[in-house]
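Residues per chain are reported as follows:
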Amino acid sequence: MKPNLFITRKLPEKVLQPLKDIAVIEMWPKEEEPVPNELLEEKVKTCDGILTMLTDTIDEKMLNDASKLKVIANMAVGYDNIDISAAKHKNIIVTNTPDVLTNSTADLTFGLLMAVSRRMLEASDMLREGKWNNWSPFQMAGTDIYGKTIGIVGMGRIGKAVAKRATGFDMKILYHNRSRNQDAENKLDASYCSFDELLERSDFVVCLTPLTEQTKDMFNKTAFKKMKPSAFFINTSRGGVVDERALKEALDQGEIAGAGLDVYKNEPIGKEHPLLRSSRVVALPHIGSASYETRMKMAELARDNIIKVINGQSPITPV
Ligand code: DGY
């Protein structure tokens, strides 16, 4: 009997084709809307494999009810939506999609940094609103990027790719990480420092650390107070690492100069979200890895991880 697989979001036919030969596939038919929780619960309970998105929360209770689930292939590098220790306890393999999204996410991170410091969105809005009446010496004057200090919190694959981009801007690179990254130090001249020192010295603090019990709310009131008033905060990892109220306060009080955000604590956010009220914020709707090429690669990698496990082989990218 073929195994049963469930895919929690509509994916292109090209991605599904190789799965069809080896499994019975069911897919939530909507691309824009997440699968309802009750259906997800039922599928975790009854399927052999699930291909999930970062919007699907798979908790301990759900996993305890799983009768024959062998693999959860998350189409994301982050996996904070899945209770990993509960999965491990049940011998369920969890996979993610590292590497294939590194450069796209680094591009977007650097784009946010540039957009917020050079006020690109504000300037574009001024133009579109018909308010560009004159050129003037300090109109929309922002802050330079080249030659400044970038502080990267979380020097993993994406951190290193951001650091590589920073070298093209002659930036000094500081980083903070759980452990030293010799490769970044040797090849990119990145200097390791404590979290506090990084906050105090950086002109751009870039958050790329995964969300864990240890990193939850690590960017809090105390952290923002340590940053320079001229510095910018960029976050393209997970919203849960930031105390958003403290960030809003830091922006309002002028404790930091601005923020470039792609991720939020409770996604999706609506237009009434307090951080969207600040002109010092450039905000994007979690599109770090959203290029067509990269999303295809992520979907294909998630699929191939399922195929491997179903065929009794080791997955390509286990968590
Ligand atoms: C990930 O893969 O974790 C990213 O946040 C998706 O863009």
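Residues numbered from 1 in each chain as written. Predicted model: local features only at pLDDT ≥ 70, side-chain atom pairs only at ≥ 80, totals over all residues.

The name given to the protein in an unreviewed UniProt entry is D-glycerate dehydrogenase, with Exobacillus caeni as the source organism.

Caption draft 1: Focus on the overall build of the protein. For the protein, the helix and strand inventory stands at twelve helices and twelve strands. Here the C-alpha coordinates of the protein stretch approximately 70 × 45 × 30 Å along the principal axes. The buried share of the protein, reckoned over its 319 residues, is 42%. The contacts of the protein with a sequence gap of at least 6 include a subset with a gap of at least 24, amounting to 61%. (Helix = DSSP H or I, 4+ residues; strand = E, 2+ residues; numbered from the N terminus. Buried ≥ 20, exposed ≤ 12 C-beta atoms within 10 Å, placed from the backbone. Contact = placed C-beta atoms within 7 Å.)

Caption draft 2: Inspection of the nonpolar core at higher detail. Membership of the largest hydrophobic core comes to 52 residues, with the highest contact counts inside it found for Ile-152, Val-162, Ile-173, Val-205, Val-206, Phe-232 and Ile-256. Counting residues in each nonpolar core, the second largest holds 39 residues, with Val-44, Leu-63, Ile-82 and Val-94 among its members. (Core = buried A, V, L, I, M, F, W, Y, C linked by C-beta atoms within 7 Å.)

Caption draft 3: Region of the structure containing the UniProt feature "domain: D-isomer specific 2-hydroxyacid dehydrogenase catalytic" (unreviewed entry) in the protein. Residues given the UniProt feature "domain: D-isomer specific 2-hydroxyacid dehydrogenase catalytic" (unreviewed entry) here are residues 6-319. Taken end to end, residues 6-319 comprises 36% helix and 14% strand; its first and last C-alpha atoms sit 20 Å apart. (UniProt positions renumbered as here; feature names shortened; annotations may be inferred.)

Caption draft 4: Molecular detail of unusual backbone geometry. Look at the link from Glu-267 to Pro-268: it is a cis peptide, with omega at -5°. By the secondary structure assignment, Pro-268 is in the loop between β11 (258-261) and β12 (281-283). Positive phi is not limited to glycine here, since Asn-91 has a value of about 60°. Note that Asn-91 resides in the loop between α4 (84-89) and β5 (93-95).

Caption draft 5: Geometry of the pairing of strand β7 (residues 172-176). For β7, a buried count of four out of five residues is recorded, marking the element as mostly surrounded by other parts of the structure. Handedness of the β-α-β unit built from strand β6 (residues 149-153), helix α7 (residues 157-167) and β7 comes out right-handed. Sheet topology places β7 next to strand β8 (residues 191-192); two bridges connect them, and they run parallel. Counted as the bridge partner of Leu-174 is Ser-191 from β8. Following the backbone out of β7, through helix α8 (residues 182-188) and into the adjacent parallel β8, one traces a crossover that is right-handed. (Right-handed = clockwise from strand over helix to strand, strands pointing away. Pairing = 2+ DSSP bridges.)

Caption draft 6: A look at the sheet that holds strand β10 (residues 232-235). Pairing in this open sheet of seven strands is parallel, and the strands run β8-β7-β6-β9-β10-β11-β12 from one edge to the other. Looking at the sheet topology across the chains shown, the edges are occupied by β8 and β12. As paired strands, β11 and β12 are joined by three bridges and run parallel to one another. The partner of Gly-260 across the bridge, within β12, is Val-282. Packing of α7 onto the sheet brings it into contact with β6, β7 and β9 (204-207), and relative to β6 it is tilted by some 175°. (Axes fitted to C-alpha atoms, helices over the stretch in contact; angles between N-to-C directions.)

Caption draft 7: Focus on the domain arrangement of the protein. When its domains are assigned, the protein resolves into domain 1 (4-100 + 292-310) and domain 2 (102-283). Opposite the five residues of domain 1 that make contact, domain 2 presents six residues. For the side of domain 1 that touches domain 2, a count of residues per class yields one nonpolar, two polar and two charged. (Domains from an automatic or database assignment. Nonpolar A, V, L, I, M, F, W, Y, C, P; charged D, E, K, R; others polar.)

Caption draft 8: Spatial organisation of the UniProt feature "domain: D-isomer specific 2-hydroxyacid dehydrogenase NAD-binding" (unreviewed entry) in the protein. What UniProt calls "domain: D-isomer specific 2-hydroxyacid dehydrogenase NAD-binding" (unreviewed entry) maps, in this numbering, to residues 110-288. The distance separating the terminal C-alpha atoms of residues 110-288 is 10 Å; by composition the span is 32% helix and 15% strand.

Caption draft 9: Inspection of the pairing of strand β1 (residues 4-7) at higher detail. Relative to strand β2 (residues 24-27), β1 runs parallel, the two being bridged by four bridges. Within β2, the position partnered with Ile-7 by the bridge is Met-27. Note on the crossover from β1 through helix α1 (residues 13-20) to β2: the handedness is right-handed. Alignment of β1 against strand β3 (residues 49-52), held across three bridges, turns out to be parallel. Bridging from a neighbouring strand, Ile-7 pairs with Leu-51 of β3.

Caption draft 10: Structural context of the packing of helix α5 (residues 102-117) against α7. Where α5 meets α7, the axes come as close as 8 Å, and the angle between the chain directions of the two elements is 55°. In terms of orientation, α5 lies oblique with respect to α7. The chirality of how α5 crosses α7 is right-handed. Contact with α5, carried on its side by Thr-102, Asn-103, Thr-105, Ala-106, Thr-109 and Phe-110, involves Arg-157, Ile-158, Ala-161, Val-162 and Arg-165 of α7 and no other residues of that element. Its residues assigned to classes, the contact of α5 with α7 comprises five nonpolar, four polar and two charged. (Parallel < 35°, antiparallel > 145°, perpendicular 65-115°, else oblique. Left-handed = near helix turned anticlockwise from the far one by under 90°.)

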